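One letter stands for each residue in the lines below.
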Amino acid sequence: AQKITQTQPGMFVQEKEAVTLDCTYDTSDQSYGLFWYKQPSSGEMIFLIYQGSYDEQNATEGRYSLNFQKARKSANLVISASQLGDSAMYFCAMRESRNQAGTALIFGKGTTLSVSS
Amino acid sequence: DTAVSQTPKYLVTQMGNDKSIKCEQNLGHDTMYWYKQDSKKFLKIMFSYNNKELIINETVPNRFSPKSPDKAHLNLHINSLELGDSAVYFCASSQDFGSSYEQYFGPGTRLTVT
């Protein structure tokens, strides 16, 4: 079965520093997609970044980049120049085929990031 | 403009009651989902609809019944509510069920069963 593992329950970083949130995955599929979502204390789920398994380049979106190491099955999120507003829970997710017709996201347990001034 | 909306945002009810949560998306997406986030913040798929057709039905008690009147709406009805149903329920949509496109989430409905 496919699985997402986030081993860091909490991470602490100072403003303006970079931080890496770890994510490893397990799948036997050749084609898959990896996502990161942010959930602030207000509760909404905000899409951050996507990486396809066949993408040769690491995905980047502004201050977010995804360090994709396919052989290691890791998809770490790197946030550069942390801001106070980055304090939130971060979820790594993978698109999983549930049957011939449908896919859904499976999520890791999340990492709580706290940014201090 | 709200992309994926849910009503109500908060729902407090007693055990044994029946309640519904409504979801609407104005993104023109074909696929909609219901996810449940438990008290430990773990998110899990419950159902998925593509063009009003149920395509994913996880191991969810049959007290939960989704309904999609059209591809822009996906409602969740829960019968005989139990304490363990307390959670945040998220509706989401995506361009299609097999795509690489991200899923857009609604704001969530926090259900509390007393």
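Just so you know, these numbers come straight off a predicted model, no measurement behind them.

1. Some remarks on the overall build of chain A
When you go through chain A residue by residue, the secondary structure sums to zero helices and twelve strands. Starting at the N terminus and ending at the C terminus, chain A contains elements arranged as β-β-β-β-β-β-β-β-β-β-β-β. Its C-alpha atoms give chain A a radius of gyration of 14 Å, within 12% of the compact-globule value 13 Å for 117 residues. Of all 117 residues assigned to chain A, the portion counted as buried reaches 49%. Pairs at least 24 apart in sequence give 53% of the contacts found in chain A among residues at least 6 apart. Carbon and sulfur atoms make up 47% of the accessible area of chain A, which totals about 5,700 Å². Positive and negative side-chain charges in chain A, numbering 10 and 11 respectively, have mean positions lying 4 Å apart.

2. Structural notes on the overall build of chain B
If you tally the helices and strands in chain B, you get zero helices and eleven strands. Sequence-ordered secondary structure for chain B, helices as α and strands as β, is β-β-β-β-β-β-β-β-β-β-β. In terms of C-alpha radius of gyration, chain B reaches 13 Å, essentially the compact-globule figure of 13 Å for 114 residues. Over its C-alpha atoms, taken along the principal directions, chain B stretches across nearly 40 × 30 × 25 Å. A total of 114 residues make up chain B; the buried ones form 45% of that total. When contacts within chain B are restricted to residue pairs at least 6 apart in sequence, those whose partners lie at least 24 apart make up 55%. Summing over all exposed atoms, chain B offers an accessible surface of approximately 5,600 Å²; the carbon and sulfur share of this is 47%.

3. What to know about the interface of chain A and chain B
Each side of the interface is counted separately: chain A has 21 residues, and chain B has 21 residues. Across the chain A/chain B interface, buried area totals approximately 1,800 Å², and carbon plus sulfur atoms make up 59% of it. At the boundary of chain A and chain B, one finds zero salt bridges. Linking chain A to chain B there are three residue pairs in polar contact (both at pLDDT 80 or more). Those elements giving two or more residues to the side of chain A that touches chain B turn out to be strand S5 (33-39), strand S6 (46-52), strand S10 (88-97) and strand S11 (103-107) of chain A. A per-element tally of the side of chain A that touches chain B places S11(A) first, with four residues. When grouped by side-chain class, the residues that make up the side of chain A that touches chain B number eleven nonpolar, seven polar and three charged.

4. Regarding the state of the cysteines
Residues and elements named next belong to chain A. Enumeration over the complete set of coordinates arrives at two disulfides over all chains. Linked covalently through their sulfurs, Cys23 and Cys92 form a disulfide whose S-S length is 2.0 Å. Handedness here is read from the sign of the S-S torsion; for Cys23 and Cys92, about -65°, the answer is left-handed. With a gap of 69 residues between them, Cys23 in the loop between strand S3 (19-21) and strand S4 (24-26) and Cys92 in strand S10 connect regions that are remote in the sequence. Cys23 sits in the buried class, given a relative accessible area of 1%.

Cut-off values and rules
- Residues numbered from 1 in each chain as written.
- Chains lettered and ligands numbered in written order.
- Predicted model: local features only at pLDDT ≥ 70, side-chain atom pairs only at ≥ 80, totals over all residues.
- Heavy atoms only, no water.
- Helix = DSSP H or I, 4+ residues; strand = E, 2+ residues; numbered from the N terminus.
- Rg over C-alpha atoms; globule rule 2.2 N^0.38 Å.
- Buried < 20%, exposed > 50% of the residue type's maximum accessible area, 1.4 Å probe, protein only.
- Contact = heavy atoms within 4.5 Å.
- Areas by Shrake-Rupley, 256 points an atom, 1.4 Å probe, with all protein chains shown as cover.
- Lys, Arg positive; Asp, Glu negative; His and termini not counted.
- Charge placed at Lys NZ, Arg CZ, Asp CG, Glu CD.
- Buried area = accessible area lost by both parts, 1.4 Å probe.
- Salt bridge = Lys/Arg side-chain N within 4 Å of Asp/Glu carboxyl O.
- Polar contact = N/O pair within 3.5 Å; in protein donor to acceptor, adjacent residues only side chain to side chain.
- Nonpolar A, V, L, I, M, F, W, Y, C, P; charged D, E, K, R; others polar.
- Disulfide = S-S within 2.5 Å.

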